[in-house]
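Spelled out from the first residue to the last, the chains are:
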Amino acid sequence: MKRIRSKKNQNLINLKIDALDKKINQLGKISEKKSLTHLFLPLIGVGIAFLSGCSINSSRNVQPSRETNTANAQPVQQSATPNNRPLTPTPEDNNFVVAVVNKVEPAVVQINTSRTVRSQVPEILNDPFYQRFFGRQIPAQPQEKVVRGVGSGFVINANGQILTNAHVVNDADTVSVSLSDGRTVEGKVLGQDKLTDIAVVQVPVNNLPTVELAKSQQVKPGQWAIAIGNPLGLQETVTVGVVSATDRSISDIGASNNRVGYIQTDAAINPGNSGGPLLNARGQVIGMNTAIIQGAQGIGFAIPIDTAQRIAQQLITQGKVEHPFIGIQMVSLTPELKQRINSLSNSNVRVQADQGILIVRVLPGSPADKAGIRPGDVIQQINNQSVTTADTVQQIIDKSGVGANVQMQLQRNDTTVQVTVQPGPRPVNAQ
């Protein structure tokens, strides 16, 4: 009996031991799962922090769970950074704009000006009646203040000749030029032409880097355009766009008394860019940045470099520019204008041409008057070139020069007339 009981007890003990082993194995598996979970949770938390932009304290280390079975634990492999690109210059970082800037920027300068402005006291404030009420609040003497300006320019001659806008240096008492190497030197205005808004500044420095000039006739809409200048005083600013249009007239931009067919660009141009170069993809100057339309974005204008260069040479050699003048007022002929003129019962003028430039007025004693041109004539051709806009006529006359023989074909009523006009220098008070 004792043996039987002992055997039964032994079997019972073995069953309990087996059950205990199973529980231990189950606990081991659960502990292993918990350990892995503990390892993964901190890593997930770190990933979310980087994606959300939160800062992480790098001094906090993730400690493995004590329940981890180190013998069976697998090392956690950190994934490679998606972008392993080294932080060193590579070929794709450079493009044609970088090459253009490296080539041209040394020849671009900042022009600083100052002028004294005097504010006059209105005459009515000198009346004793007003002085009784305002007393010492009324300034007794004209007030003076110094107005400072900033613009851009580019070196066209190694001996220190710089091209810029006339409105940048107009009426300036002092002109200083900041060069790309950090030097600031005093500049002298050799000449300025307000009609085309071009000026030349001379600095007493030799061996300066210069720009390369392109041909304005080769400029086409859609080609790259790069502007370098000092907008709002921010030195050596580069903007990029395209040539939006060419040969924009003064009526397109609201300018007056100007004889330029502008280059339009969407490269950003702001106050301070005036006088800076507009460049093509080869780093050649195609124009001089000069104007923007207020309230618009991406609409800037540059003077074609051919025009700027021609005016600059006259300013350098003569100190002034003589603009050819023939003494007519003209307008492009339209069907509506033709009908209106022909419907006037008390007029002897009858327009037969369908297109051309209608002469509205001829100044007495002018070159046009001496050549026999009359109001009502319609210009068909100038130097065998057909013309349909008044701006084209003006540009042809400008390029011809003072004293040149300009051949004109006119339509007078139903008759074709040939005349030769010799432009004279533009009078100071001419409109």
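Residues numbered from 1 in each chain as written. Predicted model: local features only at pLDDT ≥ 70, side-chain atom pairs only at ≥ 80, totals over all residues. Heavy atoms only, no water.

Engineer: Can you walk me through the overall build of the protein chain in this structure?
Structural biologist: Counting its secondary structure elements, the protein chain contains nine helices and 22 strands. Counting across all 431 residues of the protein chain, residues that qualify as buried make up 35%. Working note: accessible area of the protein chain is about 26,700 Å², and carbon and sulfur atoms make up 50% of it. (Helix = DSSP H or I, 4+ residues; strand = E, 2+ residues; numbered from the N terminus. Buried < 20%, exposed > 50% of the residue type's maximum accessible area, 1.4 Å probe, protein only. Areas by Shrake-Rupley, 256 points an atom, 1.4 Å probe, with all protein chains shown as cover.)

Engineer: Would you explain the environment of Gln218 in this entry?
Structural biologist: Mapped onto the fold, Gln218 is located in the loop between strand E8 (212-213) and strand E9 (224-229). Residue Gln218 is classed as exposed on the basis of its relative accessible area, which comes to 54%. For the pair Gln218 and Ile286, spaced 68 residues apart in sequence, the C-alpha to C-alpha distance is 8.9 Å.

Engineer: Is there a simple way to think about the pattern of salt bridges in this case?
Structural biologist: Throughout the structure, instances matching the rule amount to four salt bridges. Asp377 serves as the salt-bridge partner of Arg412, at 2.8 Å between the closest nitrogen and oxygen. Here the residue Arg412 occupies a position in strand E20 (residues 406-412), and Asp377 occupies one in the loop between helix H8 (367-371) and strand E18 (378-382), the gap between them amounting to 35 residues. (Salt bridge = Lys/Arg side-chain N within 4 Å of Asp/Glu carboxyl O.)

Engineer: Got a minute to help me understand the pairing of strand E3 (residues 161-164) in this structure?
Structural biologist: Consecutive side chains along a regular strand alternate between the two faces of the sheet. Alternating positions in E3 separate into two faces, Gln161 and Leu163 on one and Ile162 and Thr164 on the other, with burial throughout. Of the strand pairs in this sheet, strand E2 (residues 143-157) and E3 are connected by three bridges, and their pairing is antiparallel. Residue pairing across strands places Phe154 opposite Leu163, the latter belonging to E3. Two successive antiparallel strands, E2 and E3, enclose a turn made up of three residues, where Gly160 displays a positive phi of approximately 100 degrees. (Pairing = 2+ DSSP bridges.)

Engineer: I tried to follow the sheet that holds strand E7 (residues 198-202) on my own but got confused; where do I start?
Structural biologist: Backbone-to-backbone hydrogen bonds pair the strands of a sheet. The strands run either parallel or antiparallel. Strand order in the open sheet formed by seven strands is E5-E4-E1-E2-E3-E7-E6, and the pairing between neighbours is antiparallel. The two strands at the open ends of the sheet, each matched to only one other strand, are strand E5 (184-186) and strand E6 (188-193). Going from strand to strand, the sheet's axes swing by 30 degrees on average, the running direction of each strand aside. Note: strand E1 (residues 108-119) against strand E4 (residues 174-178), five bridges, orientation antiparallel. Bridge pairing links Ile111 to Val177 in E4. Taken strand by strand, helix H6 (residues 305-318) contacts E2, E3, E6 and E7, and its axis lies near 55 degrees from that of E7. (Axes fitted to C-alpha atoms, helices over the stretch in contact; angles between N-to-C directions. Contact = heavy atoms within 4.5 Å.)

Engineer: It is not clear to me how a nonpolar patch on the surface should be interpreted in this structure. Could you clarify?
Structural biologist: Side chains of Trp224, Val238 and Val240 sit close together on the surface and give an oily, nonpolar patch of about 250 Å² of accessible area. For Trp224, the position within the fold is in strand E9. (Patch = residues over 30% accessible without salt bridge, like charges linked within 9 Å, V, L, I, M, F, W, Y side chains within 5 Å.)

Engineer: Got a minute to help me understand the side chain of Asn273 in this structure?
Structural biologist: For Asn273, the location among the structural elements is in the loop between strand E11 (262-265) and strand E12 (277-279). Given a relative accessible area of 2%, Asn273 falls into the buried group. The contact partners of Asn273, leaving out residues within four places of it in the chain, are Ser152, Ile228, Gly229, Asn230, Pro231, Ala268 and Asn289.

Engineer: Mind showing me how you'd approach the confidence of the model for the protein chain here?
Structural biologist: Note: predicted coordinates in regions of low pLDDT should not be interpreted at a detailed level. Averaged over the protein chain, the pLDDT score is 80; the fraction of residues at 70 or greater is 71%. Here helix H1 (residues 2-52) stands out as the least confident element of the protein chain, with mean pLDDT 48; E3 is the most confident, with 98. Confidence drops under a pLDDT of 50 for residues 1-5, and excluding neighbours within four residues, the segment shows zero contacts in the predicted structure. Note that residues 30-76 has pLDDT below 50 and, in this model, twelve contacts with residues that lie over four places away or in other chains. (pLDDT = per-residue confidence, 0-100.)

Engineer: What exactly am I supposed to notice about unusual backbone geometry here?
Structural biologist: Of all residues except glycine, most have a negative phi; of all peptide bonds, most are trans. The phi angle at Asp171 is positive, at roughly 60 degrees, despite the residue not being glycine. By the secondary structure assignment, Asp171 is in the loop between helix H4 (166-169) and E4. Under the relative-accessibility criterion, Asp171 is labelled exposed at 52%. We note that Asn207 has phi near 60 degrees; this positive angle belongs to a residue other than glycine. When you line up the elements, Asn207 lands in the loop between E7 and E8. Classification of Asn207 by relative accessible area gives exposed; the value is 73%.

Engineer: I keep staring at helix H9 (residues 390-400) and nothing clicks. Help me out?
Structural biologist: Because an α-helix completes one turn every 3.6 residues, residues spaced three or four positions apart along the sequence face the same direction. The complete set of buried residues in H9 reads Val393, Ile396, Ile397 and Asp398. In the segment just after H9, Gly401 is the residue with positive phi, at about 90 degrees.

Engineer: Explanation requested: the side chain of Gln110 in the structure shown.
Structural biologist: You can see Gln110 is positioned in strand E1. Polar contacts involving the side chain of Gln110 include one to the side chain of Gln235, which spans 3.4 Å. Not counting residues within four places of it along the chain, the set of residues in contact with Gln110 comprises Val150, Gly151, Ser176, Val177, Ser178, Asn230, Gly233 and Gln235. (Polar contact = N/O pair within 3.5 Å; in protein donor to acceptor, adjacent residues only side chain to side chain.)

Engineer: Any chance you could explain the environment of Ile326 here in plain terms?
Structural biologist: Mapping Ile326 onto the fold places it in the loop between strand E15 (324-325) and strand E16 (328-332). A C-alpha to C-alpha distance of 9.5 Å links Ile326 and Ala371, two positions 45 residues apart in sequence. Leave out the neighbours within four places in its chain, and Ile326 touches Ser366, Pro367, Ala368, Ile397, Met408, Val421 and Pro423.

Engineer: Whenever I open this one, the environment of Ile299 confuses me. Can you help?
Structural biologist: Among the structural elements, Ile299 can be located in the loop between strand E13 (284-292) and strand E14 (300-304). Once the C-alpha coordinates of Ile299 and Ser244 are considered, the two residues, 55 residues apart in sequence, prove to be 8.3 Å apart. In this view, Ile299 contacts Gln264, Thr265, Ile292 and Ile293; residues no more than four positions away in its chain are not counted.

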